[in-house]
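# Examination of the molecular architecture
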Number of protein chains: 2
Amino acid sequence: MKKIVALALSSSFALASAASEGIPTDVTEAAEELLRAGMTDRVGFQVVEDLTTEVGPRLGGSEAEARARVWAEAKLRSLGFENVRTETFSMPYWERAYEYAAIEHPFPQELLVTALGNSVGTPEGGVRGQVVEFETLTDLINAPLDNSLEGKIVFVNEGMVRTQDGSGYGVAVRKRSGAANEGAKRGAIAALIRSVGTDSHRFPHTGGMRYEEGVTKIPTAALSAPDADQLERALNRSPVTVSLDLAVRTLDKVTSGNVIGEIPGQTDEIVVIGGHLDSWDLGTGAVDDGAGIGITTGAAKLIMEHINTTGEKPLRTIRLVYWGSEEVGLLGARAYAQQHKDELGKHVMAAESDFGAGRIWKMDTRFGDDKVELGVDIIRVLDAAGVALGNNQATGGPDVTPLRALGVPVVTLRQNGWDYFDLHHTADDTIDKIDPDDLAQNVAVYAAFTWMAANTPGGFRADPAAVGTE
Amino acid sequence: MKKIVALALSSSFALASAASEGIPTDVTEAAEELLRAGMTDRVGFQVVEDLTTEVGPRLGGSEAEARARVWAEAKLRSLGFENVRTETFSMPYWERAYEYAAIEHPFPQELLVTALGNSVGTPEGGVRGQVVEFETLTDLINAPLDNSLEGKIVFVNEGMVRTQDGSGYGVAVRKRSGAANEGAKRGAIAALIRSVGTDSHRFPHTGGMRYEEGVTKIPTAALSAPDADQLERALNRSPVTVSLDLAVRTLDKVTSGNVIGEIPGQTDEIVVIGGHLDSWDLGTGAVDDGAGIGITTGAAKLIMEHINTTGEKPLRTIRLVYWGSEEVGLLGARAYAQQHKDELGKHVMAAESDFGAGRIWKMDTRFGDDKVELGVDIIRVLDAAGVALGNNQATGGPDVTPLRALGVPVVTLRQNGWDYFDLHHTADDTIDKIDPDDLAQNVAVYAAFTWMAANTPGGFRADPAAVGTE
């Protein structure tokens, strides 16, 4: 594998030096240098290890997330970043306190569940009811709007398709809110779902849900895949009664925040890269999103070393953002967009890494129509790491959604997510699941990309870009 | 793979009809027929599915194990076995009630643990102490017998080697009792171990432990592998304080039992095959040992069908035994040997399946020295399923240990255990982990073997075997 990468690197040098109209040759050459150096990076992995060990789980709004911010500021300072600070915001808080489910009749046994984020608790002592299974959320949506689920526990057993690009998630995740909302409309007293995930281990996957306006809020939880299978087998044999006991704690207002560090550029323009600092509470948040923190920090650190060695200061400031409280509703992302609304016109590019640590295999862009060729130039460098060019409809990552909506160009450096949803939002999201060499490939690609984004004259918006007026 | 098996089958026919001095040709031919038929068996898998679904976890001595016995009698009767009965025995009872562990300082976070079977609980509110790590149990045993662990929590972080034959377990499992016993001798207030297992998922592995006579009983629990890694990383950075809170419930005397069904033979001699009916409490006991129940039941059922079709009644009674309370100290095995002590001389052969559902790849025997050639004859049939001949020092399986000690010949039909200790004694031991085709190969091999064991004249003890006088 190493040999193939080495060969690819040399052939790319030839390509890159032959072309690049839009991106100056000195910029692509430095990017190639960063790409090569990044391939053996260990700073990124060490950052993930430190965060997941020294903080561990860090639910948005929790005391643990506050400790993560302290950790993050110290880490950014020790690595040499400038203008290190936390930008705080207020938010409502939810946490799980207790969760238990069991088949009561006819095959008494515990089922492993986890409350979905934002779920209400059950009444004291739990609820019990006969289970009504729907194979898919669509089946439930298509069921008559009568009281046929009155007193029942609705169970949406829809599976998820394993894909490299994670596209199976978009379909499967709808049931996370849909089971409770659609169940409640038909009288259900609680909603269970098969976890949104692709593994077959006894890890329920949590994740945020939202109640529809005006619909009764019923408690809702996810079963691990083997427990969903078990409930399905039981239902194939007999009517089944299940008990569910959830307790949650909520607070109206707590503090969260985004942590920021910078590499100052020659102008007041900004390139934003980063990941989200918070995680779900069950695991230590290694793939989601310690990896994104590590990858973008490793990339920025590599650039800092390049600057220190060469004296080549980037045209634009490289801003590393650790968004807070992503999992619980993109709260840090919204706060960032709000708090920086006056300088969004200066934001030349934004990209978040939030899909684990699998190798980057494709780059989608969202550039001005007259700037799409810059994607070709970038790929001439990145293809040495096995990255192909995708489409010009990139999302950029969850936390740059508000920036994208306000006109900031974005890229998605798409990672191999084949195994990502085996771990996503489970207790099993721990650092042993990350391959340091795969993570280093991400560091390499982010470093090379970020250097080009920070140094390509004219930026990536359509001309004439109405800078500052979005 | 199917083609290879078919080819192997035909070549084995040639071998088998050419040879077999000790085992009559009509017997090996019927065994070959059973082997071929077993390869597509689904009865065995269905038995595992029914047991793990309709009963689920079934800890030795529990109400769930009692339900398993009711289930088992009904299942054996419905499959057509004769003399179906439960042979009860009394035993002390232990169960977990509550377990929690956390790093308190300096990196506060929960650790996933499970109490080891027979552990005492902690005092109300738990214990807390500084962790002292030993890389191996041997390191702890070699530490001076002073009070250096006074007030401390000892942590034995020894790993386990993955092997096909499970031999890594024998080494690794010693720490399950050893950590508490050796820790207590040096003043420790609690003992943690890295789970005895080969996976890297957040499943702690439980399992039985025993306190040494005269040593202070301290609470003891296993961390999942990722949690042991986490504690190790924390200890590499700083002294670490951990809290541990375990609650257990015990009863002096409950009832357990062995469930038995038979295929009557022409004589009063007996061939015993079976598995253990109980499981640990965390999973549904699919690989340990629903598989053994399914494999031996499927094999016996296949023989029953053969008898019904051909009218060929076996020389000896085939006795299917579902031992009770194996995990908590081979209690069913001991009760069986005691309750059947007067007929042990009539026990011609015994074999337990208790190592999951991986394919059988080797047969070890423990035959009289002058009968080892019978192993060669048996393998002439079984090699068509990919089974090689091992040594003549078979253990026969945990529940036949007391029989073997009393002179009963045994075989171990050795299964591929490469993945077995990923699941063993965890919540993740569920039926989705069993490949029905692998299980069918086991059924085929057990059916062919059992038929030969039940019909080989003269049996497998050394001549002159002092039948009935052991």
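Residues numbered from 1 in each chain as written. Chains lettered and ligands numbered in written order. Predicted model: local features only at pLDDT ≥ 70, side-chain atom pairs only at ≥ 80, totals over all residues.

## Here's the deal with the overall build of chain A
The number of helices and strands found in chain A is 14 helices and 14 strands. Relative to the compact-globule value of 23 Å for 470 residues, chain A shows a C-alpha radius of gyration of 23 Å, a close match. At a minimum sequence separation of 6, the contacts of chain A that also span at least 24 residues come to 83%. (Helix = DSSP H or I, 4+ residues; strand = E, 2+ residues; numbered from the N terminus. Rg over C-alpha atoms; globule rule 2.2 N^0.38 Å. Contact = placed C-beta atoms within 7 Å.)

## Observations concerning helix α7 (residues 174-185) of chain A
Residues and elements named next belong to chain A. End to end, α7 covers 16 Å across 12 residues, agreeing with the expected 16 Å (1.5 Å per residue, within 8%). On its buried face, α7 sits against α5 (137-142), β5 (153-156), α6 (167-172), β6 (190-194) and β7 (220-223). Directly after α7, the chain includes G187, whose backbone phi takes a positive value near 95°. (Expected span 1.5 Å × (residues − 1).)

## A short note on the interface of chain A and chain B
With 20 residues of chain A at the interface, the matching set in chain B holds 20 residues. In terms of residue count, the dominant contributor to the side of chain A that touches chain B is helix α8 (residues 225-237) of chain A (five residues). Among the residues forming the side of chain A that touches chain B, the class breakdown is six nonpolar, seven polar and seven charged. (Nonpolar A, V, L, I, M, F, W, Y, C, P; charged D, E, K, R; others polar.)

## Brief notes about the domain arrangement of chain A
Residues and elements named next belong to chain A. The domains assigned to chain A are domain 1 (2-92 + 253-455) and domain 2 (107-239). Centre-to-centre, using C-alpha coordinates, domain 1 lies 34 Å away from domain 2. No other element matches helix α13 (residues 420-423), which puts three residues into the side of domain 1 that touches domain 2. Each residue belonging to the side of domain 1 that touches domain 2 can be placed in one class, and the counts come to eight nonpolar, six polar and four charged. (Domains from an automatic or database assignment.)

## Digging into the relation of the copies chain A and chain B
When chain A is brought onto chain B, the operation consists of a screw motion whose angular component is 180° and whose axial shift is 0.0 Å, with 0.0 Å RMSD remaining. Both copies are brought into coincidence by an operation consistent with a two-fold rotation axis. Here 100% of the contact residues of chain A are again contact residues in chain B; the copies associate through an equivalent surface. (Least-squares fit on C-alpha atoms with pLDDT ≥ 70 in both.)

## Here we look at the pairing of strand β10 (residues 317-323) of chain A
Within a regular beta strand, the side chains point alternately toward one face of the sheet and then the other, so they alternate between its two faces. All names here are of chain A. Burial analysis of β10 places seven of its seven residues in the buried class, the great majority of the element. Both faces of β10 are covered, namely the face carrying T317, R319, V321 and W323 and the face carrying I318, L320 and Y322. Taken together, the five bridges between strand β8 (residues 241-263) and β10 define a ladder with antiparallel strand orientation. Counted as the bridge partner of G261 is L320 from β10. The pairing of strand β9 (residues 270-276) with β10 spans seven bridges and is classified as parallel. (Buried ≥ 20, exposed ≤ 12 C-beta atoms within 10 Å, placed from the backbone. Pairing = 2+ DSSP bridges.)

## Focus: helix α4 (residues 63-79) of chain B
All names here are of chain B. For α4, built from 17 residues, the straight-helix expectation of 24 Å at 1.5 Å per residue is met to within 8% by its first-to-last C-alpha distance of 24 Å. Listing the buried residues of α4 in full gives E65, A68, R69, A72, K75 and L76. Each buried residue of α4 lies within a common arc of 135° when the element is viewed along its axis, so the set occupies one face. Away from its buried face, by an angle of more than 90 degrees, α4 presents the exposed residues E63, V70, R77 and S78. (Arc of directions from axis to C-beta.)

## Section: the pairing of strand β11 (residues 347-352) of chain A
All names here are of chain A. Counting buried residues along β11, six of its six residues qualify, which places the element largely inside the surrounding structure. Sheet topology places β9 next to β11; five bridges connect them, and they run parallel. The partner of V271 across the bridge, within β11, is M349.

## Observations regarding unusual backbone geometry
Note on backbone geometry: most residues besides glycine have negative phi, and most peptide bonds are trans. Omega for the bond connecting A:H105 with A:P106 falls within 30 degrees of zero, at 5°, which places this linkage in the cis form. Omega for the bond connecting A:D288 with A:D289 falls within 30 degrees of zero, at 5°, which places this linkage in the cis form. Phi at A:L330 takes a positive value of approximately 55°, unusual for a residue other than glycine. Positionally, A:L330 belongs in the loop between β10 and α10 (331-339). Located in the positive-phi region is B:H425, a residue other than glycine, with phi close to 70°. Structurally, the position occupied by B:H425 is in the loop between α13 (420-423) and α14 (436-455). Note on B:H425: 30 C-beta atoms within 10 Å, which makes it buried.

## A short note on the environment of B:V173
By the element assignment, B:V173 lies in the loop between α6 (167-172) and α7 (174-185). Distance in space between the C-alpha atoms of B:V173 and B:E158 is 9.8 Å, their sequence separation being 15 residues.

## Some points on the packing of helix α11 (residues 373-382) of chain B against α14(B)
Residue and element names in this part refer to chain B. Across the interface, α11 lies against α14 with an axial gap of 10 Å and an inter-helix angle of 145°. Crossing handedness for the pair α11 and α14: right-handed. On α14, the residues touching I378, V381 and L382 of α11 are V445, A448, F449 and M452. Here the residues of the contact of α11 with α14 sort into seven nonpolar, no polar and no charged. (Axes fitted to C-alpha atoms, helices over the stretch in contact; angles between N-to-C directions. Left-handed = near helix turned anticlockwise from the far one by under 90°.)

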